[in-house]
Amino acid sequence: MAIKGGYYLPWAYRKNNSPIHRLGGGLKLAFLFALSLGAFFPLIWVLPVIAAVLAFLSLAASIKPWELLHGSRPLIVFTLFVFAFQAVNFFPLGINTEGAKEGIIFCLRIALSFSAGALLFSTTTMGEIKKALSRLESFLHLEKLRIALSFSLMLGFLPRIFETWEEVNAAWEARAGKAGISRIIKTLPPMMERLIKKAAETADALEARGA
């Protein structure tokens, strides 16, 4: 889903016929999920390897690697707070070198995990993901638990969070709203309201279909 200037909404599907797009949904789901979890593996040398793999896959999917971080501003703010908390000694005031190192590693882990999710949703439709989960559910004989439906709904709602965030921020900027803490405080309530409304609409649609 593109908007003005060719900018894609965070975690939105990008229609293409690249080799990555043509891969099976189950394979992409498993591999990129493994990369996302691998970013939190204790060994630090894994991080540049995952970064290189994600960069290669994104280029193969005709996506610029840095575009995988579109929409990550709130996440960046959060990780910077974590970094500052770990890097600064308050009593006595000073720099915690070891804490700063751990903070940088944490920020990298979050960025890589976010990028893996962005690549998955940019190259895989929700229909593909649901089919892959349904096949796994059938293989494990768990049809009665309806895990595939629940998990696909959860995954499908993630891009809608970023989409709603972009909508609310666009409305804020259109009204000449300024950046800062006040922006976050005033945009969170309408964002949550829209998300709740969308969740209710999805539940009503499922109920109407007997789900």
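This structure is a prediction, so every number in the text was calculated from the model and none was measured.

(A) Fine view of helix H2 (residues 25-38). Relative to the 20 Å expected for 14 residues at 1.5 Å per residue, H2 spans 19 Å between its end C-alpha atoms, a close match to the ideal helical length. For H2, the set of buried residues is Gly-25, Lys-28, Leu-29, Leu-32, Leu-35, Ser-36 and Gly-38.

(B) Representation of unusual backbone geometry in the model. One non-glycine residue, Ser-62, adopts positive backbone phi at about 65 degrees. Looking at where Ser-62 falls in the secondary structure, it is placed in the loop between helix H3 (46-60) and helix H4 (73-87). A residue is classified by how much of its surface remains accessible, and Ser-62, at 54% relative accessible area, is exposed.

(C) The arrangement of helix H5 (residues 97-123) in detail. Between its terminal C-alpha atoms H5 stretches 39 Å, which fits the 39 Å expected from 27 residues at 1.5 Å a residue. Most of H5 sits inside the fold, with 19 of its 27 residues counted as buried.

(D) Spatial organisation of the side chain of Lys-28. Looking at the secondary structure, you find Lys-28 in helix H2. For Lys-28, which is buried and forms no salt bridge, the nearest opposite charge comes from Glu-128, at a distance of 4.1 Å. When neighbours within four sequence positions are excluded, Lys-28 is seen to be in contact with Ile-20, His-21, Leu-23, Phe-33, Leu-120, Thr-123, Thr-124 and Glu-128.

(E) Broad picture of the packing of H4 against H5. Two elements in contact, H4 and H5, have axes separated by 7 Å at closest approach and are oriented at 160 degrees. Relative to H5, the element H4 lies roughly antiparallel. In this structure, the crossing between H4 and H5 has a hand that is right-handed. Residues Leu-75, Phe-78, Thr-79, Val-82, Phe-83, Gln-86 and Ala-87 of H4 touch H5, and the partners they reach there are Gly-99, Ala-100, Glu-102, Gly-103, Ile-104, Phe-106, Cys-107, Ile-110 and Phe-114. Across the contact of H4 with H5, the residue classes tally to 11 nonpolar, 4 polar and 1 charged.

(F) Main features of the nonpolar core. The biggest cluster of nonpolar side chains holds 24 residues, and the ones touching the most others in it are Leu-32, Leu-35, Ile-50, Leu-54, Leu-57, Leu-112 and Leu-119. Setting aside residues up to four positions removed in sequence, Leu-32 forms contacts with Leu-54, Leu-57, Ala-116, Leu-119 and Leu-120.

(G) Examining the confidence of the model for the protein chain more closely. Overall, the prediction assigns the protein chain a mean pLDDT of 76, with 68% of residues at 70 or greater. In this model, residues 1-5 is a region of pLDDT below 50 whose contacts with residues beyond four sequence positions or in other chains number 9 contacts.

(H) View of the environment of Thr-97. Assignment of secondary structure puts Thr-97 in helix H5. A relative accessible area of 62% places Thr-97 in the exposed class. Residues Thr-97 and Gln-86, spaced 11 residues apart in sequence, show a C-alpha to C-alpha distance of 9.0 Å.

Rules behind the numbers
Residues numbered from 1 in each chain as written. Predicted model: local features only at pLDDT ≥ 70, side-chain atom pairs only at ≥ 80, totals over all residues. Heavy atoms only, no water. Helix = DSSP H or I, 4+ residues; strand = E, 2+ residues; numbered from the N terminus. Expected span 1.5 Å × (residues − 1). Buried < 20%, exposed > 50% of the residue type's maximum accessible area, 1.4 Å probe, protein only. Lys, Arg positive; Asp, Glu negative; His and termini not counted. Salt bridge = Lys/Arg side-chain N within 4 Å of Asp/Glu carboxyl O. Contact = heavy atoms within 4.5 Å. Axes fitted to C-alpha atoms, helices over the stretch in contact; angles between N-to-C directions. Parallel < 35°, antiparallel > 145°, perpendicular 65-115°, else oblique. Left-handed = near helix turned anticlockwise from the far one by under 90°. Nonpolar A, V, L, I, M, F, W, Y, C, P; charged D, E, K, R; others polar. Core = buried A, V, L, I, M, F, W, Y, C linked by side-chain atoms within 4.5 Å. pLDDT = per-residue confidence, 0-100.

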